[in-house]
Amino acid sequence: MPIYEYRCTACNEDFSLLQKMGASAAEALCPNCGSPKVEKLISACAVNSGSVGSPASGPACSMGGG
Ligand SMILES: [Zn+2]
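Below you will find a few notes about this structure. Everything numeric here is computed off the predicted structure, so don't read it as measured data.

1. Some remarks on the environment of Met1
The residue Met1 is located in the segment before β1 (3-8) in this model. Given 9 C-beta atoms within 10 Å, Met1 falls into the exposed group. In this structure, the C-alpha to C-alpha distance between Met1 and Leu18, residues 17 residues apart in sequence, is 6.4 Å. When near neighbours in sequence (up to four residues on either side) are disregarded, Met1 contacts Leu18, Gln19 and Lys20.

2. Some points on the environment of Ala28
Residue placement: Ala28 occurs in the loop between β2 (14-18) and β3 (38-41). Linking Ala28 and Tyr6, residues 22 residues apart in sequence, is a C-alpha distance of 8.1 Å. If we skip the residues at most four places from it in the chain, Ala28 touches Tyr6, Leu17 and Val38.

3. Here we look at the environment of Lys40
Mapped onto the elements of the fold, Lys40 is located in strand β3. Sequence separation between Lys40 and Arg7 is 33 residues, and the spatial gap between their C-alpha atoms is 6.5 Å.

Parameters at a glance
Residues numbered from 1 in each chain as written. Predicted model: local features only at pLDDT ≥ 70, side-chain atom pairs only at ≥ 80, totals over all residues. Helix = DSSP H or I, 4+ residues; strand = E, 2+ residues; numbered from the N terminus. Buried ≥ 20, exposed ≤ 12 C-beta atoms within 10 Å, placed from the backbone. Contact = placed C-beta atoms within 7 Å.

This is the structure:
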């Protein structure tokens, strides 16, 4: 399952959730304050895919740990 990143609009806490494909942000709750007011962030992995010959190649995806 992919990991989605969210940001809580109540306390500005960033967190990531392991969700099924196509899961909506409505199913996410902030682990910090428990608020359902969260917005989904674009994962860096998703943005990088398809881009060939990027001038700046850094650590794209660091899965695991955390
Ligand atoms: Zn919060």
